[in-house]
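Per-entry structural report
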Amino acid sequence: MPELLERATAAVRGSDLAQRRGRVSDLIGLILEVSGLTAEIGELCLVGEDSGRARRAPIPCEVVGFRAGRTLLMPLGELSGIGPGTPVTPTGSPFRVSVGPALLGRVLDGLGRPLDGIPAPAGRRRASTDAAPPDALTRPRICDRVGLGVRALDTLVPCGVGQRLGIFAGSGVGKSSLMGMIARSTTADVNVIALVGERGREVREFIERDLGPALANSVVIVATSDQPALVRIRAAFTATTIAEFFRDEGHHVMLMMDSVTRFAMAQRELGLAIGEPPATRGYTPSVFALLPRLLERAGTAPTGAITGLYTVLVDGDDMNEPIADAVRSILDGHIVLSRDLAHAGHYPAIDVLASVSRLVSEILDPSLRAAGDRLRAALAAYRDKQDLISIGAYVRGTDPLTDAAVALSSQINGFLRQSVDEPSDLDEADAQLCALAAELAGGGPQG
């Protein structure tokens with residue numbers, strides 16, 4: 001029996017919990033309705049019990065609401081062998097996940113159980129996945145830059161230690177490859193990577209191809225798209241809880257989550273199942289209440305810091321769809337991946353002009369900021385005249401900045417492009433940016 005059930009089964013042996021038991025009265029879609037049960041929101045319950053005939057393990061479920069005097073439960077596993085009158089026993093505690101330094105290098109499921117075939121290490125402590133973020137006035141200000149190993153980000157969309165950035169992109173534009181590049185090259189101490197709602201085929205590809213040797217100092221949490229909605233939701237909170245453990249140990253943690261959109265979709269599925277009214281594009285109000293509860297847990301703390309990178313799968317490449325808009329308002333900046341750049345073979349497909357870091361003035365010195373502003377201005381001037389340039393109608397001398405951008409277009413693209421196996425450090429990226437900005441200021445190559 002998995003460790004989750006072993007601990008939960010031991011918890012229900014007290015007589016007070018036995019008196020709070022109920023029985024299944026109805027099953028509608030994903031929701032179990034239980035009568036006679038006394039439990040609280042978020043409490044873990046066990047549906048079913050070992051019987052001498054079937055020896056079927058209880059199914060863990062979580063209390064998600066109440067309706068007409070009945071308690072509503074959603075399963076943390078597949079429902080089987082459940083019928084009217086099946087006993088339901090509360091455990092007296094919320095869902096908890098095991099944390100500890102032995103998790104480094106491991107691949108876990110959405111409930112924190114091993115997926116890599118290696119037994120769970122002993123001696124771990126358990127922590128509730130529902131925790132409050134650090135108090136606002138106890139958070140140190142962000143003033144140090146973290147190296148992401150990607151030139152275009154480190155110089156033009158820089159990330160501070162404890163900052164939270166969103167990666168906004170449509171499907172198939174290179175989010176997983178970019179996350180792998182960052183995980184392999186970042187200067188953070190520990191990576192915690194949550195794959196929420198991913199295709200099962202892509203999980204092993206990401207671990208072996210994109211993550212590679214960085215797995216040794218990483219913890220990967222996986223909840224594939226076929227998992228129950230509550231498991232996908234719990235996977236995001238499990239990853240955050242594990243990141244908080246390493247943060248409290250004094251480490252700088254890089255928390256990467258792919259994707260917040262699928263997390264929101266799982267919460268929408270739960271909300272609609274318990275009867276919430278749909279709001280914007282079918283998303284229920286609880287989705288927009290839950291997003292800040294998840295995203296605010298990253299950031300700086302009195303001890304350690306969690307730098308958060310959250311991918312947002314934009315619907316139809318619409319950067320203003322509801323989840324993208326809500327996440328962008330919470331985070332400290334956004335990185336936009338462009339499908340047009342990806343189609344042109346420009347990787348990573350970062351649209352520098354559409355990407356913003358809100359802490360540039362806090363983590364970059366004035367000379368680097370000026371160099372970055374000059375390169376952005378050149379990119380904007382080139383894009384403004386791109387149609388004229390492509391048909392040969394642009395006349396050199398019309399705009400000095402556009403002239404320099406055209407003359408240095410190959411160098412600019414070479415700076416912004418980077419292969420997945422090409423590491424880059426901060427000093428090298430800064431030097432290349434300053435050299436490129438100096439050439440732009442001089443009008444580009446002469447003659």
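Anyway, here's the lowdown on the structure attached to this text.

With respect to the pairing of strand β4 (residues 59-67)
The element β4 is largely enclosed, with a buried count of seven among its nine residues. Linkage of β4 to strand β5 (residues 70-75), two consecutive antiparallel strands, is achieved through a turn of two residues, within which Ala68 is found at a positive phi near 55 degrees.

Thoughts on the sheet that holds strand β6 (residues 87-94)
The pairing of strands in a sheet happens through backbone hydrogen bonds and is either parallel or antiparallel. Strand order in the closed barrel formed by six strands is β1-β2-β5-β4-β3-β6, with antiparallel pairing between adjacent strands. If you compare each strand with its neighbour and ignore which way they point, the axes differ by 45 degrees on average. Relative to β5, β4 runs antiparallel, the two being bridged by six bridges. Along β5, the bridge assignment pairs Gly65 with Leu72.

Things to note about the packing of helix α12 (residues 366-384) against helix α16 (residues 426-441)
Helix-helix packing: each pair is described by the crossing angle between the helix axes and the interaxial distance. It is at 9 Å that the axes of α12 and α16 come closest, and there the two elements cross at 55 degrees. Between α12 and α16, the angle falls in the class oblique. The interaxial crossing formed by α12 with α16 has left-handed handedness. Facing α12, whose interface residues are Leu368, Ala371, Gly372, Arg374, Leu375 and Ala378, α16 presents Asp430, Leu433, Cys434, Leu436, Ala437, Leu440 and Ala441. Broken down by class, the residue content of the contact of α12 with α16 amounts to ten nonpolar, one polar and two charged.

Points about the pairing of strand β13 (residues 190-198)
Burial analysis of β13 places nine of its nine residues in the buried class, which makes it a mostly covered element. Here β13 runs beside strand β15 (residues 252-258); their pairing, made up of six bridges, is parallel. Within the sheet, the bridge partner assigned to Val192 lies in β15 and is Leu255. Of the pairings in the sheet, the one linking β13 to strand β14 (residues 218-224) comprises seven bridges and is parallel in character. Of the residues in β14, the one forming a bridge with Leu195 is Val222. Remark: the β13/helix α5 (residues 200-211)/β14 crossover connection has right-handed handedness.

Describing helix α8 (residues 285-295)
Inspection of α8 places Ser286, Val287, Leu290, Leu291, Leu294 and Leu295 among the buried residues, and these make up the whole buried set. Along the long axis of α8, the arc covered by the buried residues comes to 145 degrees, so they all point the same way. Packed against the buried residues of α8 are β12 (164-169), α6 (229-248), β15, α7 (260-273), β17 (305-313) and α9 (322-330).

So, the nonpolar core
Membership of the largest hydrophobic core comes to 58 residues, with the highest contact counts inside it found for Val192, Ile242, Phe263, Leu291, Leu295, Tyr310 and Val327. The residues touching Phe263, leaving out its near neighbours within four places in the chain, are Val196, Arg232, Ile233, Ala236, Phe237, Leu290, Leu291 and Leu294. Judged by nonpolar contacts, the second largest core, of 54 residues, contains Leu215, Val220, Ala342 and Phe415.

Calculation criteria
Residues numbered from 1 in each chain as written. Predicted model: local features only at pLDDT ≥ 70, side-chain atom pairs only at ≥ 80, totals over all residues. Heavy atoms only, no water. Buried < 20%, exposed > 50% of the residue type's maximum accessible area, 1.4 Å probe, protein only. Helix = DSSP H or I, 4+ residues; strand = E, 2+ residues; numbered from the N terminus. Pairing = 2+ DSSP bridges. Axes fitted to C-alpha atoms, helices over the stretch in contact; angles between N-to-C directions. Parallel < 35°, antiparallel > 145°, perpendicular 65-115°, else oblique. Left-handed = near helix turned anticlockwise from the far one by under 90°. Contact = heavy atoms within 4.5 Å. Nonpolar A, V, L, I, M, F, W, Y, C, P; charged D, E, K, R; others polar. Right-handed = clockwise from strand over helix to strand, strands pointing away. Arc of directions from axis to C-beta. Core = buried A, V, L, I, M, F, W, Y, C linked by side-chain atoms within 4.5 Å.

Just geometry here; none of it tells us what the structure is for.
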